[in-house]
Amino acid sequence: MAVSPARVAARSLLHRTRLPLTTWARAVELVLGHPETSACSIQRTLGLGSYRTAWRMARIVREALQAVEWPLLTGEVELCDVNLAPRRHVPKSIWLAIERRPSASGLIRGWRVGRSLVEDFRHIATALDPNATVITPPSGLFRELKNLGFRQRGEPLGTVDILPTATVAVGAFRHMLNTRRHYGVAPKSIEAYMGEFVFRHNTAVLGWSSAKRKRRVMVLLRAHLLSA
């Protein structure tokens, strides 16, 4: 039985929705079911009368994916910045942190590069275990990590501009972006797509079932927001 939108928490991500939770649950299934899911496919599958409604649903679901709290990154953690569009006039740079494990993929975190290196590092530090060793390119700009109390080790990049484990993750993220049916990804949208990529990667590493993924996202959609 459909749940009335009026029962959704007043300050949740769904606080202005007029759609029943069963429709939102189906939208979550569509977004999580395949990385190529678009607003057009959501509109068509759910029989929505407005493309804008479908686009807004996809955006809100991805906001919920970004809100998942992941375990702290432990052990050896590669950290580097990557410009996803080095040949274009508008840079689309991200920070990528990923656990380096000998025989399996590690947990990952990613953020859009901000205006302040110090603030970026302080933000990144909140995702790291205090005992982690942060492996970075050999540039001196990473000294701030030591000032924050982390063990930091620089390693040469070799023939690529990214550390080896991060190279694989960046390649997968670029592939996800390239499979989207759009005319380009705006810099301000990179973080939302990164949140989705991190969700897909980390839930696979942690072995979450499709039911658990959907349940966790629905909880976050209905959770109270800390601010308007």
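Use the structure listed above.
Below, the structure is looked at part by part.

1. Focus on the overall build of the protein chain
Here is step 1 of the chain: What the protein chain contains, in helices and strands, is eight helices and five strands.
Here is step 2 of the chain: Counting from the amino terminus, helix and strand elements in the protein chain follow one another as α-α-α-β-β-β-α-β-α-β-α-α-α.
Here is step 3 of the chain: Accessible area of the protein chain: about 12,800 Å², with a carbon and sulfur share of 52%.

2. Concerning the packing of aromatic side chains
Here is step 1 of the chain: All told, the structure shown has seven aromatic pairs when counted by the stated rule.
Here is step 2 of the chain: Consider the rings of Trp-70 and Trp-208, whose centres lie 5.5 Å apart with planes at 35°: the pair is tilted. Of this pair, Trp-70 sits in the loop between α3 (51-66) and β1 (76-83) while Trp-208 is found in the loop between α7 (190-206) and α8 (210-222), placing the two residues 138 residues apart along the sequence.
Here is step 3 of the chain: Owing to a relative accessible area of 11%, Trp-70 belongs among the buried residues under this scheme.
Here is step 4 of the chain: Arranged with centres 5.3 Å apart and planes meeting at 50°, the rings of Phe-173 and Phe-197 form a pair that is tilted. Linking Phe-173 in helix α6 (residues 164-178) with Phe-197 in helix α7, this pair joins segments that are 24 residues apart in sequence. No difference in accessibility class separates Phe-173 from Phe-197, as the two residues are buried.
Here is step 5 of the chain: An aromatic cluster of three or more residues is present, and its members are Trp-70, Phe-199 and Trp-208.

3. Considerations on α8
Here is step 1 of the chain: Between the first and last C-alpha of α8 there are 19 Å, a value that for 13 residues agrees with the 18 Å anticipated at 1.5 Å per step.
Here is step 2 of the chain: Val-217, Met-218, Leu-220 and Leu-221 are the residues of α8 that are buried. Along the axis of α8, the buried residues cluster in a sector spanning 160°; they form a single face. Within α8, the exposed residues directed more than 90 degrees away from the buried face are Arg-215 and Val-219.

4. Remarks on the sheet that holds strand β4 (residues 133-136)
Here is step 1 of the chain: Strand order in this open sheet of five strands is β3-β2-β1-β4-β5, and the pairing throughout is mixed. Lying at the two open borders of the sheet, with one neighbouring strand each, are β3 (108-112) and β5 (151-154). With direction set aside, neighbouring strand axes in the sheet form an average angle of 20°.
Here is step 2 of the chain: Bridge count between β4 and β5: four bridges; the pairing is parallel. If you follow Val-134 over to β5, its bridge partner there is Gln-152.
Here is step 3 of the chain: Packed on one face of the sheet, helix α4 (residues 117-125) meets β1, β2 (93-99) and β3 and runs near 30° to β2.
Here is step 4 of the chain: Relative to β3, α7 is tilted by about 180°, and along the sheet it contacts β2 and β3.

Calculation notes
Residues numbered from 1 in each chain as written. Predicted model: local features only at pLDDT ≥ 70, side-chain atom pairs only at ≥ 80, totals over all residues. Heavy atoms only, no water. Helix = DSSP H or I, 4+ residues; strand = E, 2+ residues; numbered from the N terminus. Areas by Shrake-Rupley, 256 points an atom, 1.4 Å probe, with all protein chains shown as cover. Phe/Tyr/Trp six-rings, centres within 6.5 Å; stacked < 30°, edge-to-face > 60°. Buried < 20%, exposed > 50% of the residue type's maximum accessible area, 1.4 Å probe, protein only. Expected span 1.5 Å × (residues − 1). Arc of directions from axis to C-beta. Pairing = 2+ DSSP bridges. Axes fitted to C-alpha atoms, helices over the stretch in contact; angles between N-to-C directions. Contact = heavy atoms within 4.5 Å.

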